[in-house]
Amino acid sequence: MKTGQLVVFSAPSGAGKTTIVRHLLAQTQFKFAFSVSATTRQPRPNERPNLDYYYITQEQFLAKVKTGDFLEYQQVYEGFYYGTLKSEIERLRALGKNILFDVDVHGGLNIKAMYPDDCLAVFVSVPSMEVLQERLKKRNTESEAQYEMRIEKAKQEMRLKTYFDAVLLNDKLTQTFQEAESLINQFLGS
Ligand code: ADP
Ligand code: 5GP
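The rules behind the values
- Residues numbered from 1 in each chain as written.
- Chains lettered and ligands numbered in written order.
- Predicted model: local features only at pLDDT ≥ 70, side-chain atom pairs only at ≥ 80, totals over all residues.
- Heavy atoms only, no water.
- Helix = DSSP H or I, 4+ residues; strand = E, 2+ residues; numbered from the N terminus.
- Buried < 20%, exposed > 50% of the residue type's maximum accessible area, 1.4 Å probe, protein only.
- Pairing = 2+ DSSP bridges.
- Axes fitted to C-alpha atoms, helices over the stretch in contact; angles between N-to-C directions.
- Contact = heavy atoms within 4.5 Å.
- Parallel < 35°, antiparallel > 145°, perpendicular 65-115°, else oblique.
- Left-handed = near helix turned anticlockwise from the far one by under 90°.
- Nonpolar A, V, L, I, M, F, W, Y, C, P; charged D, E, K, R; others polar.

Participant: Please clarify how unusual backbone geometry should be interpreted in this entry.
Facilitator: Negative phi values dominate among residues other than glycine, just as trans dominates among peptide bonds. The residue Asn-50 is not glycine, and still its phi comes out positive at about 75°. With a phi close to 60°, Asn-140 is a non-glycine residue in the positive phi region. Tracing the backbone shows Asn-140 in the loop between helix H5 (129-139) and helix H6 (144-158). Judged by relative accessible area, which is 63%, Asn-140 ranks as exposed.

Participant: Where do I start with the sheet that holds strand S2 (residues 32-34) in this structure?
Facilitator: Paired through backbone hydrogen bonds, the strands of a sheet run either parallel or antiparallel to each other. The strand order across the open sheet built from 5 strands is S2-S7-S1-S8-S9, with neighbouring strands paired in parallel fashion. One side of each edge strand has no neighbouring strand; the edge strands of this open sheet are S2 and strand S9 (166-169). Going across the sheet, the axis of each strand differs from the next one's by a mean of 25°, ignoring polarity. Lying on the sheet, helix H1 (residues 17-25) is in contact with strand S1 (6-10), S2, strand S7 (98-102), strand S8 (119-125) and S9; it crosses S7 at an angle near 165°. This element, helix H7 (residues 173-188), spans S1, S2, S7, S8 and S9 of the sheet and lies at about 160° to S9.

Participant: Sorry if this is basic, but what is going on with the packing of H1 against H7 here?
Facilitator: The packing of two helices is summarised by the inter-axis angle and the distance between the axes. Two numbers describe how H1 lies on H7: the axes approach to 10 Å, and their chain directions differ by 60°. On the basis of the axis angle, H1 is oblique to H7. Crossing of H1 against H7: the hand is right-handed. Judged by residue contacts, Thr-19, Ile-20, His-23 and Leu-24 of H1 engage Leu-173, Thr-176, Phe-177, Ala-180, Glu-181 and Ile-184 from H7. Across the contact of H1 with H7, the residue classes break down as 6 nonpolar, 3 polar and 1 charged.

Participant: Help me understand the environment of Ser-128 in this model?
Facilitator: Mapped onto the elements of the fold, Ser-128 is located in the loop between S8 and H5. The sequence separation of Ser-128 and Ala-38 amounts to 90 residues, and the corresponding C-alpha distance is 30 Å.

Participant: Just to check I follow, could you spell out the pairing of S1 for this structure?
Facilitator: Taking burial as the measure, the 5 residues of S1 include 5 buried ones, the bulk of the element. Residues of S1 alternate between two faces, with Leu-6, Val-8 and Ser-10 on one and Val-7 and Phe-9 on the opposite face, all of them buried. Relative to S7, S1 runs parallel, the two being bridged by 4 bridges. By the bridge assignment for S7, Phe-9 is matched with Asp-102. In terms of strand pairing, S1 meets S8 through 5 bridges, oriented parallel. Within the sheet, the bridge partner assigned to Val-7 lies in S8 and is Leu-120.

Participant: What exactly am I supposed to notice about the packing of H5 against H6 here?
Facilitator: Interhelical geometry of H5 versus H6 gives an angle of 150° and a closest axis separation of 11 Å. As far as their axial angle goes, H6 and H5 are roughly antiparallel. With respect to the hand of their crossing, H5 and H6 are arranged in right-handed fashion. The residues of H6 that touch H5, namely those facing Met-129, Leu-132, Gln-133, Leu-136, Lys-137 and Arg-139, are Glu-144, Tyr-147, Arg-150, Ile-151, Ala-154, Lys-155 and Met-158. Within the contact of H5 with H6, the residues separate by chemical class into 7 nonpolar, 1 polar and 5 charged.

Keep in mind that these numbers describe shape and distance, not what the molecule does.
Right, here's the structure in full:
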């Protein structure tokens, strides 16, 4: 099985990226490490600083943009920046790991363009917009305004799925996990 490879999961908010990525991290045979992004949004109650995200201020984020510290970054939602630090990728590659990303659709396509041969870019899709809305509501992590913003953005993001290496439909979770593992086995070589 190869190492030093990149596997990206992108999807609209609420599609199930975090759930899938957490499952894959627990499958030790893949030697995955999670690429911890920097963000200017506030931590959710269940999130752990430096493990889920590096939480920084907008001022700190923009300073890092200026000094070229990001491999890629996006203002994913108005006023909220997210980015992959070059230092994070160097750190994880030096550990001999494969790297797992949970990034937005534009970030995912940018990473794929930078590492065309060493990257598998997977788009996570949902059975319908209604299911997506239901999952986001049930997760109960967003204010009403944030929720609306995420649903609006989801419609644009869905249109970009054809540019990905694979589309993974997240309907029944056990089947999604199996299909995700199968995609990764093919990519890394079992
Ligand atoms: P994302 O990281 O893409 O925003 P999450 O992994 O946080 O999405 O999933 C959004 C919500 O939907 C969470 O509450 C999660 O438990 C739930 N969820 C994820 N996958 C499924 C599924 N296949 N069926 C039902 N609920 C799901
Ligand atoms: P959330 O606030 O729900 O954790 O994430 C919101 C969106 O930002 C998700 O689509 C997530 O994948 C994306 N995101 C997280 N980190 C990064 C990153 O480093 N770069 C980019 N481009 N998007 C990211």
